[in-house]
Amino acid sequence: MSEAVRLDGITKRFPGVVANDDVTLSVERGTVHALLGENGAGKTTLMNVLYGLFPPTEGDVYVDGEGLERDDGGGYVGSPERFDSPRDAIDAGVGMIHQHFMLVDPMTVAENITLGNEPRKWGGLAVDRAAAREAVVDLSERYGFDVDPDATVADVSVGVQQRVEILKALYRGADVLILDEPTAVLTPQEVADLFEVLEELTAQGKTVIFITHKLGEALDAADEVTVLRDGRNVGSVRTADTSREELAELMVGREVMLESDYEPATPGDPVLRAEGVTASDERGVVAVDDVSFTVREGEVFGVAGVDGNGQSELVEVLTGLRDHESGRVELRGRDVTDASRRDRARAGMAYVPEDRQERGLVMEFDLTENGILGSQHDEPFARSGRVDWDRADDHAERVVEEFDVRPPDTGAEARSLSGGNQQKFIVGREFARDPACIVASHPTRGVDIGSTEFIHDRIIDLRDEGKAVLLVSSKLDEVRGLSDRLAVMYRGRLVDVVDPDAVTEEQLGLLMAGEEPDDVPSLRGGADDAADPPEESGGTDAGRTDGVAGDGGDRE
Amino acid sequence: MSDDGTGGPDGPDGGDPGEGSDAGVRGSVVGWLSRLARASAAERLFISGSALVLSVVIGFFIVLAAGRMTTCDTAAFALPPRVISLGPVSLGPFSWPASMGFCYDPINVYDRLFLGAFGNLAADPLNGQFATTLSETTILVFTGVAVAVAFKAGVFNIGGQGQLVVGALSTAVVVFAVAPLLSGVVGTLVLVPFGLAVGAVAGGLYGALPGALKAYADANEVITTIMLNFVATAVALYLTQDVFQDPDSFATQTRALPSYARFPSLVFPDRAGVSLLALALAVAVAVAVAYTLTRTSFGYDVRTSGLQPEAAEYGGVDAARTVVASMALSGALAGVGGAVYVLMVLGNFQTGVPDYGFDGITVSILAGNNPVGAVGAALLFGVLKSGSIVVDVGTNVPPQLVGVLRGLIVLFVAMPEFFRMVGRRVGDVAPERDRGAVATDGGERE
């Protein structure tokens, strides 16, 4: 076996920061290599160096899709690469698939794949569409991709779009493929499909490096795992010789409780209730379709689903950021359907928003200023229209301390914090409101394991104090582990409410994909919800589920 | 060994600017921009100062060149003969055998442009030139702060001119109608604040209009405010001509207010058209607006909406109401500017109001949209306006050339601010690449 990629002592310094510190990475040809680490460990920076986006401050990059040759003394034959731009990296056979796809939606799959390197005819004046299509068909057949070259990219699923991205890299002659957090946007089934694709690619001699912070995926898909921590390589292990616990410890630098067992909830009175809520997204398409549920004191009500199935819109309707079309929202028995965001916050609703950099924080404000976002008109931070900045600063100080926000400097601008620390600050601020109800949308997205564990514990603490928690997350482990009842959302509807302890991951995956698996431990229409008017008749639910399944069928 | 052989020369290669990659150049530009965006007040002053010097240096040569292209009897400025030769090669443009004359003297021009605005302060601190400077400054503080407030709320108010005109006309008409009821010191004490209030209300309503159009009808405020400027000017012309025209005057103007209804000039002579009281009011308003923006809940709402509308919405700020409120405030400030123009400078309303509203935009940008900084920027503008008059009168330099020099100064001083704003915008995109880097930084600083 020979190496396809060798990064030798890579150091990447940004002004004031060392993102990669003397990292050496070697990737065998024809293997899948996972680059594992917490947020800000330097994974993406390292791969950007390999992809030519940043020149390394120190160190050498060697790439050869056919395997690097060594001379007798162990040195490499040939000189290190010197990539000035991704173009150079692509020419050297390195392809990168970014987390956010770079596809042109209205164009077809074949057009997207050949874009920039189109076969031409008429002396270069026109694109040879037939040849382009043929090249794409050949490629997808060779690697066993199930992709329709004539479909419009906007119409295909996220999983297929990802395959289009991979094909695009292959079309440009990539031998080494870098995938940045490839599973973040996929359903469990799509993840399984992706891993099969990776297997096929490596079987045909391609080399795959994928960036992830999910232990399970690294173990499932990779042959070898390299763990980065604080910009340093803290160890490379073969997946056959390691365990989740060992990897977690390498990642975090201390022992981590991977599975927390929480006491079951003791639900009390209803706090947050939605009845037949319907709302549209920005394009006017129905995004939330007749959703009803109740969250009680002292319970965590989870909402699972693939991103983009109406969870964001549902949360915005509940928190007062989006207009609804019909239905009712009640908070502690009070009708808040038409109440403003500020009124709802004053009535005891805390909200951890999905998008921390757009909504949750004002990036140019420091933490003191951000600490009163949402309370800028309320005691104790404001009195007769004036803001008491001393109090605000004390408050920010407490949040920073309690939630271990780094750097612990309330004068730092929000934009200077890493994503995980921004998230910790928002969670801390919202939890400090002493609310009756917490709507948490992806509270640990982009947060590393250690902080995730902390946030999870705090959510359970609040639950045990008798708060009602609505938890929306696309992380299955998270919603299953924390929720007392778990709803699954698909195309704007709550397709089912299940017992998170009894449901299997496969069943959840199928529900999230709009299928109707057998023997789901549904809580709908059961004794648990008998008191809730909208869920009185099991018959409607069944009909609803049928409708959704038929819906899913239409699409294929 | 082959390894070392290739590794060696490669090292210095990295530093070769000829190899400068696009990413590298882009990176350094972005870095420079974001540094500029973070520049502190002191740094900004320094940057503005150096820009000022640079603009003077360039203007110096423009004046010389223009002076060469004109014909005149006697040279205003001359360079002694100079011959530089390197052996047989003569350095054409750098050597001249006889003395070279220029029709305009750049040193004199700049001397009068900057110092002329202050007149002879030592001999007569209350000279007319200095009074003009202060009077221009006073009105520009109002319009500059007006634009700054809207900017802070994320609204681009180009309608300061219209709001100022509406405020000025309303003040002139309403105060004239009320004035006969009062007289003397009591008249001044009541009528001046009353006139300012009228200007504020009229300008505020005229500013709230495009605000409401933006908030509730999704109309772009840049377009509506520009158009409302024309509406204001045209309607004011009609009203002055056909309704409020002073019958004793051939000029298009309203009847003069009695002197007790005008700003008491206090220190300066009456006809100087300046009142230190109005200037003090302008400075106080700038400080009060700065206080409101940074220390009150309303100011927090305004700044949040301006920086990140989505976050403001999340924080319970009613976006529509904030837009209307900040536009009303902005219009009110411009309207007060108009009232001051009437009560302090003119004593009535005359059509053909100078571009105070438009200059307010530049003043605000020069000040980085900082209300207190607007006082300094307005002073620079006041100096340039008053100084140009001195240059016009005291030298043979054509007014167009003085306009070029003024424009050059504003252009150069505004440029860092302009780049700073661009830097902020780019900075919004940049964090993606910074994010990974900064994360480790959390650990580093421990």
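Residues numbered from 1 in each chain as written. Chains lettered and ligands numbered in written order. Predicted model: local features only at pLDDT ≥ 70, side-chain atom pairs only at ≥ 80, totals over all residues. Heavy atoms only, no water.

Novice: Before we go on, may I ask you to explain the overall build of chain B in this structure?
Specialist: For chain B, the count of helices and strands is 16 helices and four strands. Taking all 446 residues of chain B together, 46% fall into the buried category. A fraction of 77% describes how many contacts in chain B between residues 6 or more apart in sequence connect residues 24 or more apart. Entry remark: accessible area of chain B is about 20,500 Å², with carbon and sulfur atoms responsible for 66%. (Helix = DSSP H or I, 4+ residues; strand = E, 2+ residues; numbered from the N terminus. Buried < 20%, exposed > 50% of the residue type's maximum accessible area, 1.4 Å probe, protein only. Contact = heavy atoms within 4.5 Å. Areas by Shrake-Rupley, 256 points an atom, 1.4 Å probe, with all protein chains shown as cover.)

Novice: Help me out: how do you make sense of the overall build of chain A in this one?
Specialist: Check the secondary structure of chain A and you find 18 helices and 23 strands. Excluding contacts between residues fewer than 6 apart, the proportion of contacts in chain A whose partners are at least 24 apart in sequence is 67%. Total accessible area on chain A is roughly 22,600 Å²; 43% of this is exposed by carbon and sulfur atoms.

Novice: Please explain the side chain of A:Q376 as it appears in this structure.
Specialist: Mapped onto the fold, A:Q376 is located in the loop between α12 (367-371) and β18 (382-383). There is a polar contact of 2.8 Å between the side chain of A:Q376 and the backbone nitrogen of A:G374. A distance of 2.7 Å separates a polar atom in the side chain of A:Q376 from a polar atom in the side chain of B:D301. In contact with A:Q376, not counting residues within four places along its chain, are A:R342, A:A382, A:V387, B:S297, B:Y300, B:D301, B:G315 and B:V317. (Polar contact = N/O pair within 3.5 Å; in protein donor to acceptor, adjacent residues only side chain to side chain.)

Novice: Teacher, can you tell me more about the nonpolar core here?
Specialist: Nonpolar side chains in soluble globular proteins tend to be buried together. Within the largest apolar cluster, 87 residues are counted, with the highest numbers of intra-cluster contacts made by A:L272 and A:F293. When residues no more than four places from it in sequence are discounted, the contact partners of A:L272 are A:F293, A:T294, A:V295, A:L318, A:V329, A:E330, A:L331, A:M349, A:C437 and A:V439. Among the nonpolar cores identified, the runner-up in size contains 71 residues, and B:C103, B:A168, B:A286 and B:I409 belong to it. (Core = buried A, V, L, I, M, F, W, Y, C linked by side-chain atoms within 4.5 Å.)

Novice: Got a minute to help me understand the sheet that holds strand β15 (residues 326-331) of chain A in this structure?
Specialist: Paired through their backbone hydrogen bonds, the strands of a sheet run either parallel or antiparallel. Residues and elements named next belong to chain A. An order of β13-β12-β15-β16 is seen for the four strands of this open sheet, with the pairing classed as antiparallel. The two strands at the open ends of the sheet, each matched to only one other strand, are β13 (286-296) and β16 (334-335). Along the sheet face, helix α9 (residues 311-319) touches β12 (270-280), β13 and β15 and points at about 60° away from the line of β13. (Pairing = 2+ DSSP bridges. Axes fitted to C-alpha atoms, helices over the stretch in contact; angles between N-to-C directions.)

Novice: I tried to follow a nonpolar patch on the surface on my own but got confused; where do I start?
Specialist: On the surface, B:V185, B:V186, B:L189, B:V190 and B:F194 cluster together to form a nonpolar patch covering roughly 470 Å² of accessible area. The exposure class of B:F194 is partly exposed, given its relative accessible area of 32%. (Patch = residues over 30% accessible without salt bridge, like charges linked within 9 Å, V, L, I, M, F, W, Y side chains within 5 Å. Salt bridge = Lys/Arg side-chain N within 4 Å of Asp/Glu carboxyl O.)

Novice: I'm lost on helix α1 (residues 43-50) of chain A in this one. Help?
Specialist: Every α-helix carries 3.6 residues per turn, so stepping three or four residues along brings you back to the same face. Residues and elements named next belong to chain A. With seven of eight residues buried, α1 lies mostly within the body of the structure. Those residues of α1 that sit buried are K43, T45, L46, M47, N48, V49 and L50. Two residues or fewer after α1 comes G52, characterised by a positive phi angle close to 80°.

Novice: Looking at this structure, I do not really get the sheet that holds strand β9 (residues 207-212) of chain A. What am I missing?
Specialist: Residues and elements named next belong to chain A. If you walk across this open sheet you meet the six strands as β5-β8-β9-β3-β10-β11, and the pairing is mixed. Edge positions in the sheet fall to β5 (94-97) and β11 (232-238), since each has one partner strand and no second. Within the sheet, the average angular offset between the axes of one strand and its neighbour, ignoring direction, is 20°. Summarising the sheet, β5 and strand β8 (residues 176-180) pair through four bridges and their orientation is parallel. Bridge pairing in β8 places I97 opposite L179.

Novice: Would you explain the confidence of the model for chain B in this entry?
Specialist: Parts of the model with low pLDDT should not have their predicted coordinates read in detail. All names here are of chain B. Per-residue confidence for chain B averages 82 on the pLDDT scale, and 80% of its residues sit at or above 70. Per-residue pLDDT stays below 50 along residues 1-21; that stretch engages in ten contacts with residues further than four places along the chain or on separate chains. Throughout residues 428-446 the model reports pLDDT below 50, and contacts reaching past four residues in sequence, or to other chains, amount to 30 contacts. (pLDDT = per-residue confidence, 0-100.)

Novice: How should the confidence of the model for chain A be read in this particular structure?
Specialist: The pLDDT averaged across chain A works out to 83; a share of 90% of its residues lies at or above 70. Low pLDDT, under 50, characterises residues 526-556 of chain A; the predicted model gives this stretch 33 contacts beyond four residues in sequence or across chains.

Novice: It is not clear to me how the packing of aromatic side chains should be interpreted in this structure. Could you clarify?
Specialist: For any pair of aromatic rings, geometry is given as the distance between the ring centres together with the angle between the planes. Considering all chains together, one arrives at 15 aromatic pairs over all chains under this definition. Taking the centre distance of 5.9 Å and the plane angle of 45° together, the rings of B:F77 and B:F102 count as tilted. Linking B:F77 in strand β1 (residues 77-79) with B:F102 in strand β4 (residues 100-102), this pair joins segments that are 25 residues apart in sequence. Exposure remark for B:F77: the relative accessible area of 17% places this residue in the buried category. When its relative accessible area of 5% is taken as the criterion, B:F102 is described as buried. Following the ring pairs from residue to residue traces out a cluster consisting of A:F365, A:W389 and B:Y300. Cation over ring: A:K121 sits above A:W122, and NZ or CZ is 5.3 Å from the ring centre. Lying over the aromatic face of B:Y314, A:R341 brings its terminal NZ or CZ to 4.9 Å of the ring centre. (Phe/Tyr/Trp six-rings, centres within 6.5 Å; stacked < 30°, edge-to-face > 60°. Lys NZ or Arg CZ within 6 Å of the ring centre and 35° of its normal.)

Novice: Is there a simple way to think about the packing of helix α7 (residues 184-217) of chain B against helix α12 (residues 319-346) of chain B in this case?
Specialist: Packed helices, taken two at a time, are described by their axes: the angle between them and the distance between them. All names here are of chain B. Between α7 and α12, the shortest axis-to-axis distance is 5 Å and the interhelical angle comes to 145°. The element α7 and its partner α12 pack so that their crossing is right-handed. Per-class residue counts for the contact of α7 with α12 are 18 nonpolar, eight polar and two charged. (Left-handed = near helix turned anticlockwise from the far one by under 90°. Nonpolar A, V, L, I, M, F, W, Y, C, P; charged D, E, K, R; others polar.)

Novice: Honestly, the pattern of salt bridges in this entry has me stumped. Any pointers?
Specialist: Where charged atoms from two side chains of opposite charge come close, those side chains can pair. The final tally for this structure, using the stated rule, is 35 salt bridges over all chains. Its salt-bridge partner being A:R346, residue A:D378 comes within 2.7 Å of it at the nearest N-O pair. With A:D378 in the loop between α12 and β18 and A:R346 in helix α10 (residues 341-346), the pair connects residues that are 32 residues apart, well separated along the chain. When its relative accessible area of 18% is taken as the criterion, A:D378 is described as buried. For B:K385, the salt bridge goes to B:D359, with nearest N and O atoms at 3.4 Å. Here B:K385, found in helix α14 (residues 371-394), pairs with B:D359, found in helix α13 (residues 356-366); they are 26 residues apart in sequence, far enough to count as distant. Connected via shared salt-bridge partners are A:E316, A:R322, A:R359 and B:E313.

Novice: Sorry if this is basic, but what is going on with the side chain of A:Q422 here?
Specialist: Mapped onto the fold, A:Q422 is located in helix α14 (residues 419-431). When neighbours within four sequence positions are excluded, A:Q422 is seen to be in contact with A:R356, A:Q357, A:L361, A:M363, A:A414, A:R415 and A:L417.

Novice: How should unusual backbone geometry be read in this particular structure?
Specialist: Outside of glycine, negative phi angles account for most residues, and trans bonds account for most peptide bonds. Residues and elements named next belong to chain A. Note that the residue after E379, namely P380, is joined by a cis bond; omega there is 0°. Mapped onto the elements, P380 comes out in the loop between α12 and β18. Backbone geometry places D22, a non-glycine residue, at a positive phi of 50°. For D22, a relative accessible area of 51% puts it in the exposed group. A positive phi angle, close to 50°, is found at D230, a residue other than glycine. Given the relative accessible area of 43%, D230 is considered partly exposed.

Novice: How do you make sense of the packing of helix α10 (residues 297-307) of chain B against α12(B) when you look at a structure like this?
Specialist: Residues and elements named next belong to chain B. As a packed pair, α10 and α12 sit with axes 10 Å apart at the nearest point and diverge in direction by 105°. In terms of orientation, α10 and α12 fall into the roughly perpendicular class. Contacts between α10 and α12 involve F298, D301, V302 and S305 from the first element and T322, A325 and L329 from the second. (Parallel < 35°, antiparallel > 145°, perpendicular 65-115°, else oblique.)

Novice: Is there a simple way to explain helix α8 (residues 244-252) of chain A in this structure?
Specialist: Residue and element names in this part refer to chain A. What α8 keeps buried is the set L247, A248, L250, M251 and V252. Where α8 is buried, its residues touch β3 (32-37), α7 (215-221), β10 (224-229), β11 and α15 (449-464). Following α8 by one or two positions, G253 adopts a phi angle in the positive range, close to 90°.

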